Amino acid sequence: MILVYMKATNRCNVGCTHCYLPLEVRADKTRMTDEVLTASAAFLSDMRNFGRHDGIQVLWHGGEPLVLSADWYWKAGELLDRELPGHVESMQTSLIPLRPEHVPLMRERFGGLVGTSVDFSQRMIGGSVEAYHKLWQKKVDMARDGGIEIIPGIVPTTNELGREEWIVDWMVERRFAAFNVDRYNAYGTSFPDRPTNLQHSYFLMGLFEALMARMEKTGFAPINGAIRASITGVLYGVGGDRWGGTCMNDFVVVEPDGSLNNCPDKSSFEESYGNVRDGYKAFAGNKFRRKWVRHQGLTHKESHCFTCENQHFCGSGCPITPNGAAHGEDECSGYRTYLSAVRRFSERPGGRETMIAYLDQMKKDSTLDRATRYGGGDNQGACAA
Ligand code: SF4
Ligand code: SF4
């Protein structure tokens, strides 16, 4: 499955300090033209055929995709239906600019499921986090009234460490049956409030414990993409989320001007890998892309990976996350401390059963599966917050 981050525009007026896009990029009002969309369709069609991919998911992304009108997306969708039959579409948005006209679009073109980033400490409106949350909730309610399932995505900063139980309660109180966690990346830059790998491990551990405790107590806990993938990894050797991915080969970022990359977090910091107008073969042969595909498959792994009990499903995790001490981190890029905690939980009496019951919630509601399945396939689980 090809996952395409289709950046209709890089413009965004929400203004989060941890945004992966530099300020000047977010101020750029350029929007994708029909010519770029048409060239993208031809490019993706070739990528599907030559790369033997079984489908294409176009994830509208930005910037903030909802700064464009619903009409723009209806027309873009018609063009893609014509030029790229068989693709599916979804959207990742802050929801803040949502207008009633966008809701039917979400229902009819995005399968009634929309991923939205939510922030607990940095996003503000008029200097107030509370005002931001109030407005965000209003937009959530607007979408829900139109039958849209909203899947929040969070990027934990150091401010969220230790607040995992509170976050789970927050999701339950607001009736979110699924949510995702994105890693706070700092590719090509640095942020003082980015958690280290070990801190991220502890965050995941706190989330896992809060979810399993809720599962044991009430028989229900929201599905989280990272927690789900760690459980399937430990119990069945099947990765997901940041574990065992092939994003460098399967993901494409198309910037508003048609320039290309394979990761939304790298795209603004690297020389582009060409342009959709140059065709798929030029992209496939691009030396930077090839270097990253090789890095994900081979050179990102460190000696500690080769003796690790998780190596069959971890694949050393996200290839832009520094992998351990040799790269200035206090933990490997697969968050081994966290995975060890999941394994220990599975070995304690009743632990395995609780984890399986947690996964089984997806059998009763396939939306939960779609909402947290990683890397394409009519889902919202992507590196996308
Ligand atoms: S050491 Fe870490 S990155 Fe390497 S395979 Fe194990 S969990 Fe993954
Ligand atoms: S897993 Fe890492 S490298 Fe791959 S798309 Fe996500 S952030 Fe980028």
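Read on for an overview of the structure. (Residues numbered from 1 in each chain as written. Chains lettered and ligands numbered in written order. Predicted model: local features only at pLDDT ≥ 70, side-chain atom pairs only at ≥ 80, totals over all residues. Heavy atoms only, no water.)

### Quick look at the overall build of the protein
The helix and strand inventory of the protein stands at 16 helices and 9 strands. Since a compact globule built from 385 residues should have a radius of gyration of about 21 Å, the 20 Å found for the protein is in line with a globular shape. Considering only C-alpha atoms, the protein reaches an extent of 60 × 45 × 40 Å along its principal axes. Counting across all 385 residues of the protein, residues that qualify as buried make up 58%. Within the protein, residue pairs in contact and separated by at least 24 positions form 70% of the contacts whose partners lie at least 6 positions apart. Counting only carbon and sulfur atoms, one obtains 51% of the accessible surface of the protein, whose full area is about 15,400 Å². Put simply, the protein has 44 plus and 47 minus side-chain charges, and the middle of one group is 1 Å from the middle of the other. (Helix = DSSP H or I, 4+ residues; strand = E, 2+ residues; numbered from the N terminus. Rg over C-alpha atoms; globule rule 2.2 N^0.38 Å. Buried < 20%, exposed > 50% of the residue type's maximum accessible area, 1.4 Å probe, protein only. Contact = heavy atoms within 4.5 Å. Areas by Shrake-Rupley, 256 points an atom, 1.4 Å probe, with all protein chains shown as cover. Lys, Arg positive; Asp, Glu negative; His and termini not counted. Charge placed at Lys NZ, Arg CZ, Asp CG, Glu CD.)

### Some remarks on the packing of helix α6 (residues 164-173) against helix α7 (residues 197-218)
Remark: α6 packs on α7, axes separated minimally by 8 Å, with the N-to-C direction vectors making an angle of 50°. As summarised for this structure, α6 and α7 are arranged oblique, according to the angle between their axes. In the crossing of α6 with α7, the sense of the turn from one axis to the other is right-handed. Contacts between α6 and α7 involve E164, E165, I167, V168, D169 and V172 from the first element and Y202, F203, G206, L207, A210, L211 and R214 from the second. Grouping the constituent residues of the contact of α6 with α7 by class yields 8 nonpolar, 1 polar and 4 charged. (Axes fitted to C-alpha atoms, helices over the stretch in contact; angles between N-to-C directions. Parallel < 35°, antiparallel > 145°, perpendicular 65-115°, else oblique. Left-handed = near helix turned anticlockwise from the far one by under 90°. Nonpolar A, V, L, I, M, F, W, Y, C, P; charged D, E, K, R; others polar.)

### Brief notes about the site of ligand 2
In the vicinity of ligand 2, the residues found are N185, R242, C247, M248, F251, C263, C318, P319, I320, Y374 and C383. Looking at side-chain class alone, the shell around ligand 2 contains 9 nonpolar, 1 polar and 1 charged residues. (Near = heavy atom within 4 Å.)

### Topic: the site of ligand 1
Around ligand 1, the neighbouring residues are H304, C305, C308, N310, Q311, C314, S316, C332, G334 and R336. If you list the elements that add at least two residues to the shell around ligand 1, you get α12 (303-306) and α13 (311-314).

### Brief notes about the environment of D119
Its location among the elements puts D119 in the loop between β4 (113-117) and α5 (129-145). With 219 residues separating them in the primary sequence, D119 and Y338 have C-alpha atoms 23 Å apart. A distance of 3.1 Å separates the side chain of D119 from the backbone nitrogen of R123, its partner in a polar contact. (Polar contact = N/O pair within 3.5 Å; in protein donor to acceptor, adjacent residues only side chain to side chain.)

### Quick word on the packing of aromatic side chains
Any pair of aromatic rings gets described here by the distance separating the centres and the angle formed by the planes. Across all of its chains, the model carries 18 aromatic pairs by this definition. Relative to Y73, the ring of W72 lies with its centre 5.0 Å away and its plane at 75°, an arrangement referred to as edge-to-face. For the pair W72 and Y73, one class covers both residues: buried. Here Y184 and F191 contribute two aromatic rings whose centre-to-centre distance is 5.3 Å and whose plane-to-plane angle is 40°, an arrangement assigned as tilted. Overall, Y184 belongs to the buried group, its relative accessible area being 1%. We classify F191 as partly exposed; its relative accessible area is 21%. In this structure, R144 is placed above the aromatic ring of F176, and the distance from its NZ or CZ to the ring centre is 4.5 Å. One Lys or Arg, R163, reaches over the ring of W166 and ends 4.3 Å from the middle of that ring. (Phe/Tyr/Trp six-rings, centres within 6.5 Å; stacked < 30°, edge-to-face > 60°. Lys NZ or Arg CZ within 6 Å of the ring centre and 35° of its normal.)

### A look at the sheet that holds β4
Strand order in the open sheet formed by 9 strands is β7-β6-β5-β4-β3-β2-β1-β8-β9, and the pairing between neighbours is mixed. The open sheet has two free edges, formed respectively by β7 (223-224) and β9 (260-261), since each of these has just one partner strand. The pairing of strand β2 (residues 56-61) with strand β3 (residues 88-93) spans 4 bridges and is parallel. Across the sheet, V58 pairs through a bridge with E89, a residue of β3. (Pairing = 2+ DSSP bridges.)

### A few points about the side chain of S94
Positionally, S94 belongs in the loop between β3 and α4 (102-109). Setting aside chain neighbours within four positions, we find S94 in contact with V14, E64, T116, S117, R123 and W136.

### Regarding the pairing of strand β6 (residues 178-181)
The two faces of β6 match: A178 and N180 on one face and F179 and V181 on the other face are all buried. Bridge count for strand β5 (residues 149-154) against β6 is 2 bridges, and the pairing is parallel. Directly across from G153, in β6, lies its bridge partner N180. As for the winding sense of the linkage, the β-α-β connection from β5 through α6 to β6 is right-handed. As defined by bridge partners, β6 adjoins β7 across 2 bridges and the pair is classed as parallel. Residue F179 lies in a different strand from β7, and its bridge partner there is N224. Running through α7, the crossover from β6 to the neighbouring parallel element β7 is right-handed. (Right-handed = clockwise from strand over helix to strand, strands pointing away.)

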